[in-house]
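Next come the chains, spelled out residue by residue.
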Amino acid sequence: MTLPSLYSVFLLPALLMVAGCGVNEAPEQTSDFAVLAQSAEGYTSARPGYALEFPRDHGPHPDYRIEWWYLTANLQDSNSRHYGAQWTLFRVAVQPPGAHQPGNAWQSSQVYMAHFAITSPEGHVAFQRYARGGEHGGISRSGARNQPFAAWIDDWVLSSTGSDWLPMAVRAQQGNYSISLELASDKPLILQGDAGFSQKHPAGGGSFYYSQPFLTASGELELDGQRIPVSGLAWLDREWSSQFLQGEQVGWDWFSLHLESGEKLMLFQLRQRPGDFQTGTFRHGVLISPQGGKTLLKPEHIIFQVLEQTPVAGRNLPMRWRIELPQIERILEIGALHSDQWMNVDFPYWEGAVTVNGSGPQNSGRGYMELTGYAAD
Amino acid sequence: MMLIRTLLKHYRRHPVQGLFLLVGIVVANVLLAGTLVINAQARASYGQGEQFLSAAPAGQLRHREPRRSIDTDDYVRLRLAGFDMLAPLQRQTVRAANGELLELLGIDVFTMPRPGGMLPDGRGDQNRDPGFLEFAYPPYQLWVASGRLNQLDLKEGDRIVLSSGELLPPLAAIRGQQLGHRMLTDIGALQALSGNPATLSAILVFPASAERLAELSANLPEHLEFIRSDDAPDPQELTRSFHLNLAAMGLMAFVVGVFLIYNALAFSYTDRRELIRKLRLAGVTRRELALALVSELVLFLAAGTVLGYWLGAQLAAWLLPGVGRTLAQLYDVYIAYPDSLVPSAILLPLLMTGVAAALCMLIPLRESLNTPMLERWQTRWQHQVISQRERVMSVAGLMLLGTSAILAYYTSDLWLALTGMAALLLGAVLLLPTVLRMLFNLFAKCIPAHRVRLSWLLADSRWLLGPASLALMAMTLALVANSGLNTMINSFRLATDQWLDQRLAADLYLRGGTEMTDIGALLAREAPGLRVAERYHRRITRQGSSERIVPVEIVSLQDGDRFTNSVELMGADENARIEFENGEGIYISERAWRIDGWQPGESVRLCQTHGQLPVLGVYRDYGNPSSQWMVSRELFRSCWPGEAAAGFAVYGPDGTDWNQIKAVISNHFNLPEGRIIDQHALKQAGLAVFDRTFKVTRSLNALTLLVAGIGIFCAISAIHHHRVGQQALLAALGITRRERGALLLLQWSVLGLLCMLLVWPFGGLLAGYLANVVTPVAFGWSFPLDWNFHQNAVLAALAIGSMTLAVVLPTLRLLRISPAAMLREQTTI
């Protein structure tokens, strides 16, 4: 028995259940599905009608099973070479609130997991860490707080640089790789879905979800010991829930796009069955104007078409897409910066920088794509 | 082939002889293979280094003050500073309700290292072991090696009850985690046990780049130090003596086995002389005969060695947890209890047995083949042949004893010490036939001429010394070893007991110091009659005599007669105590003197503040695997003024209610159980550790006795095969069955008792050799011998008993046969 199996058994299903990341339909993984079917009993459920409030909701919500702080950045250096950076902190409650009274800090029911990844023209690296919540002598290896905002595992930190939420900074280092970016915006954050409640299933399940898609990023990346000054655009997603995906939902395709027009576009589809992009999927999309105004897209007006599949890590992944949005008269062609942006973590998924091509600034730009739940061949 | 078949037919007629040859080979192999496998297993474990969840740390962060634990926030701060190669570790020894000490390790599975610094390709490990699911959350799991589980006589799912009444998490037998003696659980579960501090015993440092490790060292808080695994004492070096001793026991059993092999071969060849003569007459050459007999032996060797090796491996698996416990308690070294034993070379036992058997067969083979073709073989046990052989053996025996004496005086090398011990054993045994013959001769002179039956018995016994001497020698060898080891262990235990009595000068001992600095004030208020002594402790390294840098513990000794008298010096001048109290010199432990080579009178460098200080005396320090220097409290304080007390010792007048004082102190400082211990409990704990430590030795010792029993049984059975004619003769003379039985039993009992005459003095000599030569060289501890005659009487009774049993069974068969049948059988040989 080696250590990775701990994570694949114990922690991953809990994350999978909500995030849908890396769900794998390989037959040997049926045990995951058993866990997926667990109910959110004992935890607080995400339901419409809850009024999000800040800075309170920047911090953790330990009564919900899962939560994340998810930052992606499309960056370029002085030679206009393109880079991508991802920093994510997941929080998982492994026991419902009140199920077990911790006798010491190690017995905290809150577990944190973080990923950070850098994509460069040459390749992609990804790292992960785990920690339990719980304070030892007033300090904790991992956690989040709302005021002044911070979310961290060890020295992987996303935090406000002053007393306000923005500007903030993200830093993480592993060996000869690091990211260090300042993030700022004077635009408002966006409550996704219905005033912050984002439906994820026709039957009504979902999560609380808000974003700050207007961040500008500047700082440096360290790649194999080489420091590269970069700047660009970043997108922060915040989401928490107790039961996110339903049992039959196996994965998703997610896009967060910075259009050259200054608009932001967020699209996702939750897939019912592997490889089936047309039926049974739950689609959602929103166009955000440069001023922060939202246009919700009708699901039937979001048309995904896979143009090209590429073998990645033993799977066929859709690396080029054509997306038609007749409601707002857009046709976008989306392609990965390169296909090797596989997050080779305990429960792997594809998360990487993409380019958006189309006619005019409203149909072109850059962004991030996330593909989860594709089975290995 | 035909020839071999003809020769082997002999064993069909005398299956017991074939069986005894096989038993000899098996006996020679079992303990030899067993100890070899154990040693190989331990070495494999040392080679792998300490592992936690299959990952070997590059080192550990420890508190600079020995035995001090580390605050968890120190660890968290280092992690927050980015040192992600760190993982927390808590070690805790708890006492089960049945008194068993359990060593637990608490880890945080979330922090244990992932394979490689970067993430591996592919999907990673797909093992789905449900064990992990329960590891980190209630009710938790207590991971245990299955060997340890058997040792504790528990099964999976059981929960161990502690002396505090609390339950440990359910036991889970885990394969492939190199757990060994220790058990693994979640650190949160471990800290939830009442009285366990919320601190860490160490911070594990997993491999990282050299620069990163240097950065870590540079960023450590003042009170932490990074001890690299490479710098830690090499367990192989530390435990060398133990493994050598184990190997020596295996070798001794091997020698006993070789005696048996010789015995069996001698009988088998002697019995076949007639057959061999006939074959020679039929035209078979000596060469062909020799080849056939060698092939026959090779067959036996192959079967016996494989069987012996297999049994040895089973024995090793059975003993390994005991060895693990001994190593843990003796050296703080932990070996894995593997799920399957490492394949250790079978070649060595095979080769050794092969060579020994070849030597064993040499003389009987030559004698058989050289028998003149036209002569019958009865001359075999002729007086001249026997006495010549006995003379050679006596001379060899005396030479071996001389060698042993010389080695005892001059050696400081463990191999030579063990060689000396082997020489002593063999020398004693080789003298046995001569000594016995001399005794019989002496008896013969004392017996009046009219006691015909007695005279016959004596004469017959003298004759018996020829064929039976080897069996008696094998038995004597095992008995001498057994008696010697028993005396040694009992003496050592008594010495430890007395030493503990003397050394535990205070009544209460408190571990850990910083939070208890005002204990003096507390006791002055609560119990004014009591006094407190601070105890200081520090680890340093110094260059020993052999150029090696060795770790040395420095301990302080409180002033005052009560404490200074608690240290008994081995040969020091009368001013030593005064000079010691004045801080003008130091005492060193016996190990520091014997193993690391500092000599009384020599000057050593203690610390920067003081120049060279003389070694004033040597004191005994049983059970401590490292060297120790003792200094007066004042001297310690002037050397290391910043060092906090490692503990306190409280003492006072007789009649003090120590339980009440204990309660007052632990309530005041909120001390968990284990931080405060009274003299009595400390001594009990010490002796319990001693007993567990010697459990394996005692087991092996009992096994050698068993081997001796088997040997004597085989030998007597074989001899009785040849006594048929003699019994027939007695029967023909009108001696009744009952009388014949009594005579036989009397004869063997006398032989047994006479052997004991040799066993007593040589057992004592062996014990002395172990106590004064082997143990001091191996461990650096010596102790006075305790002559416990009661124990030797028990051994004598046991020997005669097992001998009687070994005689009774073959004798019954002998007595059942009618005289006529006996005579017929006699003529058919």
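Residues numbered from 1 in each chain as written. Chains lettered and ligands numbered in written order. Predicted model: local features only at pLDDT ≥ 70, side-chain atom pairs only at ≥ 80, totals over all residues. Heavy atoms only, no water.

1. Describing the packing of aromatic side chains
Residues and elements named next belong to chain A.
Thinking step 1. Per the stated rule, a full pass over the model turns up 34 aromatic pairs over all chains.
Thinking step 2. A centroid spacing of 4.7 Å and a plane angle of 75° characterise the contact between phenylalanine 54 and tyrosine 210, whose relative ring orientation is edge-to-face. Placement of the pair is phenylalanine 54 in the loop between α2 (30-36) and β1 (66-76) and tyrosine 210 in strand β12 (residues 206-223), with a sequence separation of 156 residues.
Thinking step 3. By relative accessible area, which is 30% here, phenylalanine 54 ends up partly exposed.
Thinking step 4. The buried category is assigned to tyrosine 210, whose relative accessible area is 1%.
Thinking step 5. With 5.7 Å between their ring centres and 75° between their planes, phenylalanine 304 and tryptophan 321 make a pair best called edge-to-face. With phenylalanine 304 in strand β18 (residues 303-312) and tryptophan 321 in strand β19 (residues 315-325), the pair connects residues that are 17 residues apart, well separated along the chain.
Thinking step 6. Residue class for phenylalanine 304 comes out buried when judged on its relative accessible area of 3%. (Phe/Tyr/Trp six-rings, centres within 6.5 Å; stacked < 30°, edge-to-face > 60°. Helix = DSSP H or I, 4+ residues; strand = E, 2+ residues; numbered from the N terminus. Buried < 20%, exposed > 50% of the residue type's maximum accessible area, 1.4 Å probe, protein only.)

2. A few points about the state of the cysteines
Residue and element names in this part refer to chain B.
Thinking step 1. Per the counting criterion, the structure on display carries 1 disulfide over all chains.
Thinking step 2. Across a sulfur-sulfur distance of 1.8 Å, cysteine 607 and cysteine 639 are joined as a disulfide pair. Here cysteine 607 and cysteine 639 share a disulfide; its torsion about the S-S bond, -70°, makes the bridge left-handed. With cysteine 607 in the loop between β16 (603-605) and β17 (612-619) and cysteine 639 in helix α20 (residues 633-639), this residue pair connects regions lying 32 residues apart in the sequence. (Disulfide = S-S within 2.5 Å.)

3. Here we look at unusual backbone geometry
Thinking step 1. In the segment running from leucine 166 of chain A into proline 167 of chain A, the intervening peptide bond is cis, with an omega of -5°.
Thinking step 2. Between proline 138 of chain B and the following residue, proline 139 of chain B, the backbone shows a cis peptide bond with an omega angle of 5°.
Thinking step 3. Tracing the backbone through its elements, the reader meets proline 139 of chain B in the loop between α4 (131-135) and β5 (142-144).
Thinking step 4. Phi at aspartate 154 of chain A is positive, roughly 50°, even though this residue is not glycine.
Thinking step 5. Unusually for a residue other than glycine, alanine 195 of chain A sits at a positive phi of about 55°.

4. With respect to the packing of helix α16 (residues 519-526) of chain B against helix α21 (residues 658-669) of chain B
Residues and elements named next belong to chain B.
Thinking step 1. It is at 11 Å that the axes of α16 and α21 come closest, and there the two elements cross at 130°. Compared by their axis directions, α16 and α21 come out oblique. In the packing of α16 onto α21, the handedness of the crossing is right-handed. Mapping the contact onto sequence places Ile519, Leu522, Leu523, Arg525 and Glu526 in α16 and Ile661, Val664, Ile665, His668 and Phe669 in α21. (Axes fitted to C-alpha atoms, helices over the stretch in contact; angles between N-to-C directions. Parallel < 35°, antiparallel > 145°, perpendicular 65-115°, else oblique. Left-handed = near helix turned anticlockwise from the far one by under 90°. Contact = heavy atoms within 4.5 Å.)

5. Some details on the pairing of strand β18 (residues 627-632) of chain B
Residues and elements named next belong to chain B.
Thinking step 1. For β18, the buried fraction is high: 6 of the 6 residues fall into the buried class.
Thinking step 2. With 6 bridges connecting them, strand β14 (residues 549-557) and β18 associate as parallel partners. Bridging across to β18, serine 556 finds its partner in valine 631. (Pairing = 2+ DSSP bridges.)

6. With respect to the confidence of the model for chain B
Low-confidence regions, as indicated by low pLDDT, have predicted coordinates that should not be scrutinised in detail.
Thinking step 1. Model confidence for chain B is summarised by a mean pLDDT of 80, while 89% of its residues fall at 70 or above.
Thinking step 2. Here residues 115-131 of chain B is modelled with pLDDT under 50, and outside its nearest four sequence neighbours on either side it reaches 38 contacts, counting other chains as well. (pLDDT = per-residue confidence, 0-100.)

7. Structural notes on the nonpolar core
Residues and elements named next belong to chain B.
Thinking step 1. Within the largest apolar cluster, 205 residues are counted, with the highest numbers of intra-cluster contacts made by Leu21, Leu472, Trp748 and Leu751.
Thinking step 2. The leading source of residues in this core is helix α15 (residues 452-503), at 22 residues.
Thinking step 3. Beyond its immediate chain neighbours, meaning those up to four positions away, leucine 472 contacts Leu432, Leu436, Leu465, Ile712, Leu751, Cys755 and Met803. (Core = buried A, V, L, I, M, F, W, Y, C linked by side-chain atoms within 4.5 Å.)

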